[in-house]
Amino acid sequence: MALSFQDLIFRLQEFWGRQGCVIQTPYDVEVGAGTMCPETFLRVLGPQPYRVAYVQPSRRPADGRYGDNPNRLFKHWQLQVILKPSPADIQDLYLKSLRHIGIDLRKHDIKFEEDNWESPTLGAWGIGWQVMLDGLEITQFTYFQQCGGMDLDPVPAELTYGLERIAAFLQDVDSVYDIAWNPPKRGVPSFSYRDVRHADELQFSVYNFERADVATLWQLFELHEKECRRLLAEYPSGQEPAEKRRFPLLAAYDQVLKCSHLFNLLDSRGAISVTERVAVIGRVRELAVGVARAWIDQNVAATFRSPSDTSPSEEAVIAD
Amino acid sequence: MPTSEFLLEIGTEEIPDWMIEPALASLKLQLAQAFLLYHKSFMDALNGIRLDATPRRLVACVPQLPSKEPDSEEVTVGPPRKAPQQAVDGFARKLGVTASKLRVQTTGKGEYWVLAKRKKGHTAIQILSLELPHVITAIKFPKTMYWTGKNGPRFIRPIRSLLALYGGRVVPFSIAGVKSAAYTFGHRVLGKPRIKVTGFQQFLEELKNNGVVLKASERREKILAEAARLLAAAQPEGYGTLRENPGLLNTLVYLTEFPTADMGQFDPAYLELPEEVLVTVMQHHQKYLSVSDAAGKLAPRFIFVMNLDGDSSGAIRHGNERVLRARFNDARFFWETDQKTPLRDRLPMLEHVTFQSQLGSYRQKTERNVALVRRLAAFVSQAPVEHAARAAELAKCDLTTELVKEFTELQGVVGGLYARAQGEPAEVADAIYDHYKPESMEECSPRTPAGALVALADKLDTLAGCFSIGLKPSGSSDPFALRRAAQGVVKILADHNLHAPLPELIAAAQPSGEAAGQLLEFFLDRLRYYLREVRGFRYDEVNAVLAVGAQDVPDAIARCEAVRQVRPTSNFEPLSAAFKRVQNILRKAGGVGQFPGEPDAALLEAGAEAELDGQARRVFEETKESRDYEMVLRRTAELRPAVDTFFDKVLVMAEDERVRRNRLTFLAWLLRAFTRVADFSEIVVS
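Residues numbered from 1 in each chain as written. Chains lettered and ligands numbered in written order. Predicted model: local features only at pLDDT ≥ 70, side-chain atom pairs only at ≥ 80, totals over all residues.

Re the overall build of chain A
Of regular secondary structure, chain A possesses 10 helices and nine strands. Relative to the 2.2 N^0.38 estimate, which gives 20 Å for 320 residues, the radius of gyration of chain A is 21 Å and therefore close to what a compact globule would have. Taking the principal axes of the C-alpha coordinates as reference, chain A spans close to 65 × 50 × 40 Å. When each of the 320 residues of chain A is scored for burial, the buried share is 44%. Across chain A, contacts joining residues at least 24 apart in sequence account for 67% of those joining residues at least 6 apart. (Helix = DSSP H or I, 4+ residues; strand = E, 2+ residues; numbered from the N terminus. Rg over C-alpha atoms; globule rule 2.2 N^0.38 Å. Buried ≥ 20, exposed ≤ 12 C-beta atoms within 10 Å, placed from the backbone. Contact = placed C-beta atoms within 7 Å.)

The structure is reproduced here in structure tokens:
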């Protein structure tokens, strides 16, 4: 019996949990990709090691197809894994995770095909592959090089599993809507992806393409942008570490995510003109880069215990 | 000097397939650069290098690398033999030895005290362990990464293993925390992860036993042989023939360590979709080789290549067929969705598609293209202008279709297919279909005059626009593919035999300011490239032809062709030498421009001069109108004996000034009269 959608998630979480990952819950603000969650975007900055895995529903309004297309979704589920720094056996670990969800590598064809990832809105890019399983792209594998416009050191590895695709593959169904979400129980048939998500796809396609009020979206965009700018301007850059530590940069970052999502909505509504497009991406990017810079500064402040017990090495970190 | 085998394997995570062959070439170059610092025998040994690679390993083997450099003697010359002892002692002291270590040596200037120091040569292991870390990290890749932090090395993908043996012994060094060792690794699934290596032959054996076909040519042959077997299997009728695609085949060769080909099928119902779409999905997106049926049409089959030794359960074939089905369903869905909004209704949507921020949207570009088609129509006389203008109007509309958003490489093609499906005239549909062509020098130009006209307008508008806002290509950076666009213009003019003067084409596209001049230069460069690299004319032939006119592309080609034909005839090169002589004489006398008009026949000397004048005039009169350049050149070449006699018998710089001036005017006239096809003085006489 092939894994249900939820069992697939459980298995992957179990696997990465055993590799020392924090198993997080999905972030509760709309994002276009798991990379945008603070658990990735902010955690990859700075020197602290981190390992985390989480499922993230990722919204791409322009990809909506009213629930008609068997493979295209406005909102799809990613399983995002961050290993920072990337261990030397990362590819082997990844292949083991495939075995853990029941893929026999002796009977299936795996290829790592060049695919570099870039997000202009996040000022982020990395080098890596799309992982192909019998001709199907199932994972994006990236060594992050830059985020928020800054070089990353250490280099994190990011694995992004496309959960619907993998589930459809395992269950051998041609439409994501036919995926069994949970296993059947005696007398209770399983619920399908259609049962759980179809209305979501249909209604949000209608909203995103037809009903969203452009003027309202622009207003919202500007409000969130303004709030983010205000916070960034108030960040106490020259102040005491204690002041910095309590500053709500995470709240500022939520505003960035709101802006990014609103941009995507406006885009799918066809409301972004030629001249505006690049400029609006630039505005979101500026916010993201601003938060990232402040975040690094705040991180240094957070590792700073008190002036009396500062060791020389920590001073060096601060000086950098 | 004894030699031993040097074996290097750089084990990495998967290197992008298209970078692997250049990486091997770069590895060899880096080794050569490193060996340059050492004894010549090391560089010589590189002649025997063998290079191989898979996605996970770059391998170099030098079968006979010297075990060490020969020792050498370093001689420091001191004072002359007759110098006082004090000076000799001082010399020895300066070098930190006693005078007893010195000896007398005879040099070209006499006898001197010298110190000879033996310099021990480096051993191969010393050289290799010192140089390899740099050699490896200096391999050139188009894009590199770091993986052990910013202070670590950069490479295309992380280095995970280093095998380095000289004569079976490990060459010690390390990169990014990976120490060199005597171990390799097998295929991810088919092999062992750690295998002891003693030498190249045993290394090859072990790789073979562990699921790695090291030689690219063997992998290629394996794929082709298996594909052929699969296709022949359905005898008597056969499944068809493989459609050749060397680029894709090479990709498959470098995506696999152990390639195995297998055949999949798809529902023939999908064959209702245009073949272009199906083939793009299979080749570009799924990396499948496509198959033709007996009639040459696309067969509902495909060859896929796995990185494994087989598919006994059929799961891999099933998976690939499933993905292809999903892709085809997508394509069909896009095709059907796109039909709901015909191309003509998509024009306003182009407002939202940026061409270039300063040059506006595709809507604006479309308007410019249409206007330019009308302005250029005079140059493409057979083109139906209204059809071409209609095609230009609709040509970019497919950028708003789902199919092109998904398969961007099909832009233009999709527009053409939709135009046909939506009842546009065939001329219009074909012109849209072809208007990005030629995208390379191997690809054909647009098939029809209307297509040529639309393609010219589109490219010229892009060129004029980009040059006008300062977006010129520089070095390897050419983000708007302007070189390709200009090259395309040249090829279209050539293929369609369009005698449109380049400056007028450029002017029609209305570049601003200095852009027109820069564009003309740019086109001349492209024309020169086309004549040399694509048409294979020799550089001096191209120089000779372009020196007397480079505005009309087909005319320049015809003239190059004529020079190439006539060049081997006996009179041609000597005549070129004579023309060079004429030019030199005139240059010394103040330049050709100083001697306008025709010579005064009365002042010509009877004999050689009058004879040459008579012959030259006859040839000139007979050839001056002709476009049969080969005939013109042959007739011109026949003047050679008369020219030779002239130079033998006649003194150009005569004492009588009037005669001298007349003679120079005669030579200048000759030069002007006979350099209509090519400037002979540019020909390099062998």
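Side note on the overall build of chain B
Broken down by element type, chain B carries 25 helices and 20 strands. Relative to its length of 686 residues, chain B is extended, with a C-alpha radius of gyration of 35 Å against a globular reference of 26 Å. Structurally, chain B occupies a C-alpha span of about 95 × 90 × 55 Å along its principal axes. Going through the 686 residues of chain B one by one, you find that 41% of them count as buried. Partitioning the contacts of chain B with sequence separation of at least 6, the portion at a separation of at least 24 is 67%.

Re the environment of L51 of chain B
Residue and element names in this part refer to chain B. Along the chain, the position of L51 falls in strand β2 (residues 50-54). Of the residues examined, L51 has 17 C-beta atoms within 10 Å and is grouped as partly exposed. Between the alpha carbons of L51 and L27 there is a distance of 8.9 Å; along the sequence they are 24 residues apart. Look past the residues within four positions of L51 in its chain and what remains in contact with it is L24, L27, K28, V59 and A60.

Here's the deal with the confidence of the model for chain B
For chain B, per-residue confidence averages 93 on the pLDDT scale, and residues scoring 70 or more make up 99% of the total. Model confidence for the complex: the whole-complex pTM is 0.83, and ipTM, which rates the interface, is 0.91. (pLDDT = per-residue confidence, 0-100.)

A look at the pairing of strand β3 (residues 57-66) of chain B
Sheet faces and side chains relate simply in a regular strand, where the side chains alternate between the two faces. Residue and element names in this part refer to chain B. Among the 10 residues of β3, eight are classified as buried, and the element is accordingly described as predominantly covered. Pairing analysis gives eight bridges linking strand β1 (residues 3-12) to β3, with the strands arranged antiparallel. Each bridged residue has a counterpart across the sheet, and for I10 the counterpart in β3 is L58. Inspection of the sheet shows β2 paired to β3 by five bridges, in the antiparallel sense. Across the sheet, A53 pairs through a bridge with L58, a residue of β3. As consecutive antiparallel partners, β2 and β3 are separated by two residues. (Pairing = 2+ DSSP bridges.)

Quick look at the domain arrangement of chain B
A common measure of how large an interface is: the accessible area buried when the components associate. All names here are of chain B. Under the domain assignment, chain B is made up of domain 1 (3-69 + 123-209), domain 2 (72-119), domain 3 (216-339), domain 4 (343-536) and domain 5 (562-682). Taking only C-alpha atoms into account, the centre of domain 3 sits 33 Å from that of domain 4. Taken together, the 12 residues of domain 3 in the interface contact 11 residues of domain 4. Going through the elements one at a time, α8 (275-285) and α9 (315-339) are the ones with two or more residues in the side of domain 3 that touches domain 4. (Domains from an automatic or database assignment.)

Quick word on the domain arrangement of chain A
Residue and element names in this part refer to chain A. According to the domain assignment, chain A consists of domain 1 (5-208) and domain 2 (212-319). One C-alpha centre belongs to domain 1, the other to domain 2; they are set 25 Å apart. Across the boundary between the two partners, domain 1 contributes 23 residues, which contact 23 residues of domain 2. A breakdown of the residues in the side of domain 1 that touches domain 2 according to their chemical character gives 13 nonpolar, seven polar and three charged. (Nonpolar A, V, L, I, M, F, W, Y, C, P; charged D, E, K, R; others polar.)

A word on unusual backbone geometry
For residues that are not glycine, phi is negative in most cases, and the peptide bond is trans in most cases. Cis geometry marks the peptide bond from D153 of chain A to P154 of chain A; its omega dihedral reads 5 degrees. Structurally, P154 of chain A is set in the loop between β8 (150-151) and β9 (157-162). Looking along the chain, the bond that leaves K437 of chain B and enters P438 of chain B is cis, with omega of -10 degrees. The residue P438 of chain B is located in the loop between α14 (426-434) and α15 (449-468) in this model. Here the phi dihedral of Y66 of chain A falls at roughly 55 degrees; this positive angle occurs in a residue that is not glycine. Structurally, the position occupied by Y66 of chain A is in the loop between β2 (50-59) and β3 (75-84). Positive phi, normally seen in glycine, also occurs at A176 of chain B, with a value near 50 degrees. A176 of chain B gets classed as partly exposed once you count the C-beta atoms within 10 Å, which come to 19.

Some points on the interface of chain A and chain B
Taken together, the contact between chain A and chain B spans 34 residues of the former and 34 residues of the latter. Elements represented by at least two residues in the side of chain A that touches chain B include exactly β4 (110-114), β6 (124-133), β7 (136-147) and α9 (274-303) of chain A.

Examining the sheet that holds strand β16 (residues 259-265) of chain B
Residue and element names in this part refer to chain B. Spatially, β15-β17-β18-β16 is the arrangement adopted by the four strands of the open sheet, whose pairing is antiparallel. The sheet terminates laterally at β15 (241-242) and β16, the two strands that pair on one side only. Bridging between β15 and strand β17 (residues 289-292) involves two bridges; their strand directions are antiparallel. Each bridged residue has a counterpart across the sheet, and for T241 the counterpart in β17 is S292. Docked against the sheet, helix α6 (residues 216-232) engages β15, β16, β17 and β18 (298-307), running at close to 30 degrees with respect to β16. (Axes fitted to C-alpha atoms, helices over the stretch in contact; angles between N-to-C directions.)

Observations concerning the packing of helix α22 (residues 608-623) of chain B against helix α23 (residues 629-637) of chain B
Residue and element names in this part refer to chain B. Following both chains from N to C, one finds α22 and α23 inclined at 175 degrees, their axes separated by 10 Å at the closest point. By the angle class used here, α22 and α23 are roughly antiparallel. On the side of α22, the interface is formed by V619, E622 and T623, while α23 contributes M631, V632, R635 and T636. When the residues that make up the contact of α22 with α23 are grouped by side-chain class, the tally is three nonpolar, two polar and two charged. (Parallel < 35°, antiparallel > 145°, perpendicular 65-115°, else oblique.)

Details of the environment of S190 of chain A
Residue and element names in this part refer to chain A. As for its placement among the helices and strands, S190 is situated in the loop between α4 (163-171) and α5 (193-211). The spacing of S190 and I179 is 11 residues in sequence and 9.7 Å in space, taken between C-alpha atoms. Sequence-distant contacts of S190, that is, excluding residues within four places in its chain, are made with S4, A180, W181, N182, P183 and P184.

Some thoughts on the nonpolar core
Formed by 268 residues in total, the largest nonpolar core has its most connected members in V291 of chain A together with I303, A388, A391, L453, V454 and L463 of chain B. If one sorts the elements of this core by residue count, α15 of chain B sits on top with 12 residues. Not counting chain neighbours up to four residues away, the residues in contact with A388 of chain B comprise V373, A383, A431, A450, L453 and V454 of chain B. One finds L102, Y112, W113 and L115 of chain B within the second-largest nonpolar core, a separate group that totals five residues. (Core = buried A, V, L, I, M, F, W, Y, C linked by C-beta atoms within 7 Å.)

What to know about the environment of M19 of chain B
Residue and element names in this part refer to chain B. By the element assignment, M19 lies in helix α1 (residues 17-35). Taking the number of C-beta atoms within 10 Å as the measure of exposure, M19 has 20 and is therefore buried. Distance from M19 to P274, taken between C-alpha atoms, is 33 Å for residues 255 residues apart in sequence. Filtering out sequence-adjacent residues up to four positions away, M19 remains in contact with F141, P142 and I156.

Re the sheet that holds strand β4 (residues 72-80) of chain B
Residues and elements named next belong to chain B. Taken in spatial order, the three strands make up an open sheet running β4-β6-β5, and their pairing is antiparallel. Of all strands in the sheet, those bounded by a partner on one side alone are β4 and β5 (103-107). Strand after strand, the sheet turns through a mean of 50 degrees between neighbouring axes, direction not considered. Where β4 and strand β6 (residues 110-119) come together, seven bridges link them in antiparallel fashion. Note on β6: the bridge partner recorded for S72 is K119. Helix α3 (residues 85-94) rests against β4 and β6 of the sheet, and its axis sits at about 150 degrees to β4.

Details of the confidence of the model for chain A
Residue-level pLDDT values for chain A average 91, and 94% of them are 70 or greater. Per-residue pLDDT stays below 50 along residues 306-320 of chain A; that stretch engages in nine contacts with residues further than four places along the chain or on separate chains.

A look at the packing of helix α10 (residues 362-376) of chain B against helix α11 (residues 385-394) of chain B
All names here are of chain B. Where α10 meets α11, the closest approach of the two axes is 8 Å, and the angle between their N-to-C directions is 165 degrees. On the basis of the axis angle, α10 is roughly antiparallel to α11. Note on packing geometry: the crossing formed by α10 with α11 is right-handed. Two secondary-structure elements touch here, α10 through T366, N369, V370, V373 and R374 and α11 through V385, A388, A389, A392 and E393. Within the contact of α10 with α11, the residues separate by chemical class into six nonpolar, two polar and two charged. (Left-handed = near helix turned anticlockwise from the far one by under 90°.)

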